[in-house]
Amino acid sequence: MGPQALLFPDPLKIVFGIFMMIYVITFHPWVLVNYIPTDGWNDPPTLENEALHYKEAIFTVISSELYLPALLLFGHTLKIHGASEGRDLLAFIPHKAITQQRQLEMIKEVGFTPVFVDAITLPGATDWKFVDMLVKLYAWNYTQYDIIALIDSDVMLLGDIELPFQLMRMGDFPLAACIAPTTPSPPFYDKLSGHFNAGVMFIRPNVEDFKELIRLSSNTSYYDIGLAEQSLLNEFYHGKWLGLPLTYNLIIRFRDREDIWHANRASAKIIHFAGGHKPWNRFKKEQLIADDFLWRDIFIELYPSRKWVGGEFKLYQGFAGI
């Protein structure tokens, strides 16, 4: 028999192909699932050198020196958990929010490049904490990056944040974030039902989106000004954003909710001190929770090694002798 004997008629090829498929699935299933996470959301795919093809960054906003302790610890925990490796870190600073050169140096010490930006004025009154939050919109104009993690400074990383980056690389979603388990405020009940919290977002910069968001930011009938950039972005990306597990934005104000806090705290990647409860402020001891003490413990370790002194930024000096 010559080489022709190795050729199968078409029906036999089909049977042989089915046989080989069954054989692979039965005896070598790793061939099919090697790049698929099998342990749930918290274990990202292990695609070797995958991130090398993408330029990524992490942006934040510091709108007042009151948030300087928060940003310093945020930058420190980014480094601890490897999130800053291979990524640029930028901190948007509305003009005059930070004026002391030493404070700017401190921001640089934890890895962030300070970027002074013009304020984007809200077309109405809101809580002082939200007044400058529209400056987040500038991130959409940084198209030299493929993906930007846009994260509020009042957070503490407890683990890696690679999964959201990988999901953004794998799909074409313009934005990924965690659902905000809150009741939307009137008159936007229907529009903001199931809205996301804008404190932790992974975005895909886009100049056209940037221009449109800037234009719409002055339209008082388009969004709830009281919720600032959060309601603007929810309206703009309604039905288009990718939902992330709450572990990537576990908000401290929901610490009394079993379904939110207790169900996710053990696997939390980011603790978000949203609202009035900030661990760097003064509280009675009975008002503090475990994550307040954790924040303070990490800051205490960071503080002396950087040779900072309390007068360089506003910090409650009543814990651990700082």
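Structure's up top.
Just so we're clear, the structure is a prediction, and the values are computed from it rather than from any experiment. (Residues numbered from 1 in each chain as written. Predicted model: local features only at pLDDT ≥ 70, side-chain atom pairs only at ≥ 80, totals over all residues. Heavy atoms only, no water.)

Colleague: Just checking my understanding: could you explain the overall build of the protein for this structure?
Modeller: Scanning the protein for helices and strands turns up nine helices and 10 strands. Across the 322 residues in the protein, those meeting the buried criterion constitute 49%. In the protein, the share of contacts with a sequence separation of at least 24, taken over all contacts with a separation of at least 6, comes to 69%. For the protein, the accessible surface area stands at approximately 16300 Å², while carbon and sulfur atoms represent 57% of it. (Helix = DSSP H or I, 4+ residues; strand = E, 2+ residues; numbered from the N terminus. Buried < 20%, exposed > 50% of the residue type's maximum accessible area, 1.4 Å probe, protein only. Contact = heavy atoms within 4.5 Å. Areas by Shrake-Rupley, 256 points an atom, 1.4 Å probe, with all protein chains shown as cover.)

Colleague: Got a minute to help me understand the pairing of strand β4 (residues 147-151) in this structure?
Modeller: Residues in a regular strand project their side chains so that they alternate between the two faces of the sheet. In terms of burial, β4 is a largely internal element, five of the five residues being buried. Side-chain alternation along β4 places I147, A149 and I151 on one buried face and I148 and L150 on a second face that is also buried. In the sheet, strand β1 (residues 56-61) pairs with β4 via four bridges, with the strands oriented parallel. Residue pairing across strands places F59 opposite L150, the latter belonging to β4. When β4 meets strand β7 (residues 196-203), the two strands line up antiparallel, connected through four bridges. In the sheet register, I148 faces β7, and the bridge partner there is I203. (Pairing = 2+ DSSP bridges.)

Colleague: Even after reading the chapter, I still don't get the packing of helix α6 (residues 207-216) against helix α7 (residues 228-236), so can you show me in this structure?
Modeller: The N-to-C vectors of α6 and α7 enclose an angle of 125°; their axes lie 11 Å apart at closest approach. One finds that α6 runs oblique with respect to α7. Read as a crossing pair, α6 and α7 show a hand that is right-handed. Residue-level contacts link D209, E212, L213 and L216 of α6 to L232, L233 and F236 of α7. In the contact of α6 with α7, the residues fall into five nonpolar, no polar and two charged. (Axes fitted to C-alpha atoms, helices over the stretch in contact; angles between N-to-C directions. Parallel < 35°, antiparallel > 145°, perpendicular 65-115°, else oblique. Left-handed = near helix turned anticlockwise from the far one by under 90°. Nonpolar A, V, L, I, M, F, W, Y, C, P; charged D, E, K, R; others polar.)

Colleague: Help me out: how do you make sense of the sheet that holds strand β8 (residues 242-244) in this one?
Modeller: Spatially, the seven strands line up as an open sheet ordered β3-β2-β1-β4-β7-β6-β8, and their pairing is mixed. Looking along the sheet, the strands with just one partner apiece sit at the ends: β3 (113-117) and β8. Strand after strand, the sheet turns through a mean of 30° between neighbouring axes, direction not considered. Helix α3 (residues 68-80) rests against β1, β2 (88-94) and β4 of the sheet, and its axis sits at about 160° to β1. Sitting on the sheet, helix α4 (residues 101-109) is in contact with β2 and β3, with an inclination near 130° to β3.

Colleague: Sorry if this is basic, but what is going on with the packing of aromatic side chains here?
Modeller: According to the stated counting rule, one finds 14 aromatic pairs in the structure shown. When the ring of F59 is compared with that of F92, the centres are 5.3 Å apart and the planes differ by 75°; the resulting orientation is edge-to-face. Residue F59 is found in strand β1, and its partner F92 is found in strand β2; the two are separated by 33 residues along the sequence. An aromatic cluster of three or more residues is present, and its members are F59, F92, Y138, Y142, Y145 and F210. Over the aromatic face of F165 sits the side chain of R87, whose NZ or CZ is 3.7 Å from the ring centroid. One residue, R169, lies across the ring of Y54, its end atom 5.9 Å from the ring centre. (Phe/Tyr/Trp six-rings, centres within 6.5 Å; stacked < 30°, edge-to-face > 60°. Lys NZ or Arg CZ within 6 Å of the ring centre and 35° of its normal.)

Colleague: Explain the sheet that holds strand β10 (residues 270-272) to me, please; I cannot follow it from the model alone.
Modeller: Sheets are built from strands paired through backbone hydrogen bonds, the pairs being either parallel or antiparallel. Strand order in the open sheet formed by three strands is β5-β10-β9, and the pairing between neighbours is mixed. Two strands close off the open sheet at either side, each with one partner strand: β5 (155-157) and β9 (250-251). In the sheet, β5 pairs with β10 via three bridges, with the strands oriented antiparallel. In the strand pairing of β10, M156 is matched with I271.

Colleague: Just to check I follow, could you spell out unusual backbone geometry for this structure?
Modeller: Note on backbone geometry: most residues besides glycine have negative phi, and most peptide bonds are trans. For K96, which is not a glycine, the phi torsion comes out positive at approximately 80°. Following the sequence through the fold, K96 ends up in the loop between β2 and α4.

Colleague: How should I be thinking about helix α9 (residues 290-305) in this particular structure?
Modeller: Residue pairs three or four apart in sequence face the same way in an α-helix, which turns once every 3.6 residues. Across its 16 residues, α9 extends 24 Å between first and last C-alpha, which sits within 8% of the 22 Å expected from 1.5 Å per residue. Restricting attention to buried positions, one finds in α9 the residues D291, D292, W295, R296, I298, F299, L302 and Y303. Buried residues in α9, looked at end-on, bunch into an arc of 165°, giving them a common side. Residues of α9 that are exposed and point over 90 degrees away from its buried face: A290, E301, P304 and S305. Positioned one or two residues after α9, K307 has a phi angle of 60°, which is positive. (Expected span 1.5 Å × (residues − 1). Arc of directions from axis to C-beta.)

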